[in-house]
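Here are the chains, one letter per residue:
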Amino acid sequence: CTCDCGQTKVVRGELLVGDRTTSCGCFNKEQTSKASTTHGLTSHPLYSRWTNMMTRCYNANNKSYKHYGGRGIAICPAWHDFQVFYDWAITHGYDPKLTIERKDVNGNYCPENCCFATKTVQGRNKRNNKMIPFRDEIRPLSEWCEILGLKYIAIAIRLRDGWSIERAFTTPLRQFKKKP
């Protein structure tokens, strides 16, 4: 027999009569290749971020599961398909230097609650951050120190030692002179 691909192969007659042979074997190879090739993006950096996100939310053996899936954080059904997640990411500011950020740390991974942010910005949106009210705004201590030009460790020690927020932020830091 001559296959549609041009290859010739010897085939038993009963296989031909019973329509149990469709090709020289190239059809099965083609179907297997199609079935195992989904999006062709497994080497893209977004793929590892997507698999990490899926694992954090759905694999109880993952070390971070207790902070994600264990707290009820899920991923919207559409993003279970990597191609859908990839398309969203590419059109919503994906940059390899940025990480996926949930705006509401108690919310799910979904287009409405996610964006891409720097590690600094993401670090300010953590559950364990102590939010400091000052001048009619509430921000993490690290952000206040950056805005006010203060040394984080000095202010953290002052607050730990019982200083009021106002006093900790407004009392000038002592200047130490280096010995010659």
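Residues take numbers from 1 onward in each chain, read along the sequence in its written order. The predicted origin of the model limits local features to residues at a pLDDT of at least 70 and limits the giving and counting of side-chain atom pairs to 80 or more, whereas totals for whole chains, interfaces and linings rest on all residues. Just so you know, side-chain values use all the structure's heavy atoms and leave hydrogens and water out.

Trainee: Whenever I open this one, the packing of helix H6 (residues 141–148) against helix H7 (residues 152–160) confuses me. Can you help?
Mentor: How two helices sit against one another is set out by the angle between their axes and by the gap between those axes. Angles run from 0 to 180 degrees between N-to-C directions of axes, and those axes are lines fitted to C-alpha atoms, restricted for helices to the stretch in contact. Secondary structure elements are defined from DSSP: runs of H or I of at least 4 residues count as helices, runs of E of at least 2 residues count as strands, and each element is numbered from the N terminus. The contact between H6 and H7 brings their axes to 10 Å, and the two run at 125 degrees. Classified by the angle between their axes, H6 and H7 sit oblique to one another. Between H6 and H7 the crossing geometry is right-handed. Residues Leu-141, Ser-142 and Cys-145 of H6 pack against Tyr-152, Ile-155, Ala-156 and Leu-159 of H7. Here the word oblique covers every angle except those under 35 degrees (roughly parallel), over 145 (roughly antiparallel) and from 65 to 115 (roughly perpendicular). Rotating anticlockwise by less than a right angle from the far helix to the near helix defines a left-handed crossing, while the corresponding clockwise rotation defines a right-handed one. Working rule for contacts: check all heavy atoms of both residues, and any pair within 4.5 Å makes them a contact.

Trainee: It is not clear to me how H7 should be interpreted in this structure. Could you clarify?
Mentor: Helical geometry: 3.6 residues make up each α-helical turn, so side chains three or four residues apart lie on a common side. Any residue under 20% of the maximum accessible area for its type is buried, any over 50% is exposed, and the rest in between are partly exposed; the area is computed with a 1.4 Å probe on protein chains only. Taken together, the buried positions of H7 are Ile-155, Arg-158 and Leu-159. Seen along its axis, H7 keeps its buried residues to an arc of 95 degrees; they face one direction. The exposed residues of H7 that point more than 90 degrees off its buried face are Ile-153 and Arg-160. The inward-facing, buried residues of H7 abut strand E3 (131–134), H6 and helix H8 (165–170). In the segment just after H7, Gly-162 is the residue with positive phi, at about 95 degrees. Directions drawn from the helix axis to the C-beta atoms are what define this arc.

Trainee: In this structure, what is going on with helix H4 (residues 82–91)? I would like to understand it.
Mentor: Every buried residue belonging to H4 is among Phe-82, Phe-85, Tyr-86, Trp-88 and Ala-89, and all of these are buried. The buried residues of H4 occupy one face: seen down the axis, they fall within an arc of 165 degrees. Between N or O atoms, a polar contact is any pair within 3.5 Å; within protein, one atom must be a potential hydrogen donor and the other a potential acceptor, and residues adjacent in sequence are included only when both atoms are from side chains. N-capping of H4 is provided by Asp-81, with a side-chain oxygen placed 2.9 Å from the backbone N of Gln-83. Positive phi shows up at Gly-93, right after H4, with a value of about 90 degrees.

Trainee: Just to check I follow, could you spell out the packing of aromatic side chains for this structure?
Mentor: Given two aromatic rings, one states the distance between the centres and the angle between the planes to describe the pair. The rule is short: rings of Phe, Tyr and Trp, with Trp giving its six-membered ring, pair when the centres are within 6.5 Å, and they are stacked under 30 degrees, edge-to-face over 60, tilted in between. Per the stated rule, a full pass over the model turns up 13 aromatic pairs. Between the aromatic rings of Tyr-47 and Trp-50, the centroid separation amounts to 5.6 Å while the plane-to-plane angle is 40 degrees, which identifies the pairing as tilted. Of this pair, Tyr-47 and Trp-50 both sit in helix H3 (residues 45–58), separated by 3 residues, roughly a single helical turn. By relative accessible area, which is 21% here, Tyr-47 ends up partly exposed.

Trainee: Teacher, can you tell me more about the environment of Asn-129 here?
Mentor: Its location among the elements puts Asn-129 in the loop between helix H5 (119–123) and E3. Sequence separation of Asn-129 and Trp-50 is 79 residues, and the distance between their C-alpha atoms is 25 Å. Residues within four places of Asn-129 in sequence aside, it is in contact with Gly-123, Arg-124 and Pro-140.

Trainee: What is the right way to look at the pattern of salt bridges in this model?
Mentor: Oppositely charged side chains are able to pair whenever their charged atoms sit close together. Basic side-chain nitrogens of Lys or Arg form a salt bridge, by our definition, when they fall within 4 Å of a carboxyl oxygen of Asp or Glu. Under the counting rule described, the total for this entry stands at 3 salt bridges. Note that Arg-139 and Glu-143 form a salt bridge whose closest N and O atoms lie 2.6 Å from each other. Between Asp-161 and Arg-160 there is a salt bridge whose closest N-O contact spans 3.1 Å. The exposed category is assigned to Arg-160, whose relative accessible area is 63%. Linked by salt bridges that have partners in common, Glu-137, Arg-139 and Glu-143 make up one network.

Trainee: Explain the environment of Ile-132 here, please?
Mentor: When you line up the elements, Ile-132 lands in strand E3. Judged by relative accessible area, which is 3%, Ile-132 ranks as buried. In this structure, the C-alpha to C-alpha distance between Ile-132 and Ile-165, residues 33 residues apart in sequence, is 7.8 Å. What Ile-132 contacts, discounting residues up to four positions off in sequence, is Glu-137, Ile-138, Arg-139, Leu-141, Trp-144, Leu-159, Ile-165 and Phe-169.

Trainee: How do you make sense of the pairing of strand E4 (residues 137–140) when you look at a structure like this?
Mentor: Each regular strand shows side chains that alternate between the opposite faces of the sheet. Where E3 and E4 come together, 4 bridges link them in antiparallel fashion. Residue pairing for E4: Ile-132 is matched across the bridge by Arg-139. Should DSSP find at least two bridges between two strands, the strands are regarded as paired.

Trainee: Before we go on, may I ask you to explain a nonpolar patch on the surface in this structure?
Mentor: Together, Tyr-152, Ile-153 and Ile-157 line one region of the surface with nonpolar side chains, adding up to about 290 Å² of accessible area. Within the element layout of this structure, Ile-157 appears in helix H7. Two joining distances apply to patches: 9 Å for like charges and 5 Å for nonpolar side chains (Val, Leu, Ile, Met, Phe, Trp, Tyr), and every residue must have over 30% relative accessible area and no salt bridge. Computed with a 1.4 Å probe, the accessible areas rest on the Shrake-Rupley method; for each residue, only the protein chains presented here act as cover.

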